[in-house]
Amino acid sequence: MKILLSGTASDSHTWNLVYLRLFLEEQGCEVVGIGPCVDTELLTTACLRHVPDVLVLSSVNGHGYRDGLAAVRRLRAEPALAGLPVVLGGKLGVAGHRQEADVARLIEAGCDAVLGEDLDALCDFLAARARREVPA
Ligand code: B12
């Protein structure tokens, strides 16, 4: 499975991305990492260019809900990316807990999963996508 891994527009943290790349590669994924501080236009261009099976967005600086929403809205405005599975996770807000209203906005905008920091949940999500790709 080919994963496009990206930080969000305002987020300069990188070790989350290093960790996630290694983790995803250990799961057998091919990872295209485009680094931190990726604005919505660059993200869109990268998705069109690399045609990933899944986009994994990581944010830990506390602006994840806002940055994630802008990213998903921009991606879903692109007809070729309407069906791209998008998962967002990390330390998404500054409240220290999951903010359900923000999660609902993201899902409504077309984000497929909002996961927080749970890597098991990420594996479950990817496994479910892989099962969809290979019909019995
Ligand atoms: C190191 C660090 C920095 C370094 C970054 C160095 C680098 N090259 O990345 C520096 C000093 C540059 C930095 C800067 C800032 N930081 Co900082 N930083 C940290 C710190 C101490 C460790 C982060 C880290 O590298 N962890 C190791 C990696 C491997 O773990 P991780 O990032 O947590 O990622 C894991 C999970 O979150 C999860 N995960 C991440 N993404 C995803 C995605 C999915 C889909 C899933 C399932 C899971 C997942 O998996 C990863 C592995 O377990 C944390 C505090 C902490 N203890 O976490 C603060 C922290 C992340 N920073 C914080 C802040 C606020 C900032 C600044 C805004 C500070 C400032 N005022 O300037 C700036 C960022 C500016 C910007 N534009 O983004 C806050 C974020 C607040 C929040 N989210 O509630 C934290 C939490 C500190 C705090 N307690 O306040 N930071």
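Refer to the preceding data block for the structure.
Below, the structure is looked at part by part.

Attention now goes to the coordination of the cobalt atom of the ligand. No other protein atom reaches the cobalt atom of the ligand as a donor apart from His13 (NE2), found 2.2 Å away. Mapped onto the secondary structure, histidine 13 falls in the loop between β1 (2–7) and α1 (15–26).

One finds Leu43, Leu55, Val86 and Leu106 to be the most contacted residues of the largest nonpolar core, which totals 23 residues. Every element with two or more residues in this core is listed here: α2 (40–50), β3 (54–59), α3 (64–76), β4 (86–90) and α4 (100–109). It is α3 that contributes the most residues to this core, five residues altogether. When neighbours within four sequence positions are excluded, leucine 106 is seen to be in contact with Tyr65, Gly68, Leu69, Val72, Leu88, Cys111 and Val114.

It is worth spelling out the packing of α1 against helix α5 (residues 119–133) at this point. Across the interface, α1 lies against α5 with an axial gap of 12 Å and an inter-helix angle of 50°. Judged by the inter-axis angle, α1 sits oblique to α5. α1 and α5 meet at a crossing whose hand is right-handed. In this structure, α1 uses Tyr19, Leu20, Phe23 and Leu24 to contact α5, whose residues at the interface are Leu119, Leu122, Cys123 and Leu126.

Moving on: the pattern of salt bridges. Counted under the stated rule, the structure contains eight salt bridges. Residue arginine 76 pairs with aspartate 112 through a salt bridge whose shortest N-O separation is 3.0 Å. Here arginine 76 is found in helix α3, whereas its partner aspartate 112 is found in the loop between α4 and β5 (113–114), with 36 residues between them in sequence. On the basis of relative accessible area, aspartate 112 is assigned to the partly exposed category, the value being 38%. Beyond isolated ion pairs, a larger network of salt bridges with shared partners links Glu41, Arg74 and Glu78.

Cut-off values and rules
Residues numbered from 1 in each chain as written. Predicted model: local features only at pLDDT ≥ 70, side-chain atom pairs only at ≥ 80, totals over all residues. Heavy atoms only, no water. Donors = N, O, S within 2.8 Å, 3.2 Å for Na, K, Ca; no water. Helix = DSSP H or I, 4+ residues; strand = E, 2+ residues; numbered from the N terminus. Core = buried A, V, L, I, M, F, W, Y, C linked by side-chain atoms within 4.5 Å. Buried < 20%, exposed > 50% of the residue type's maximum accessible area, 1.4 Å probe, protein only. Contact = heavy atoms within 4.5 Å. Axes fitted to C-alpha atoms, helices over the stretch in contact; angles between N-to-C directions. Parallel < 35°, antiparallel > 145°, perpendicular 65-115°, else oblique. Left-handed = near helix turned anticlockwise from the far one by under 90°. Salt bridge = Lys/Arg side-chain N within 4 Å of Asp/Glu carboxyl O.

Just distances and angles here, no functional claims.
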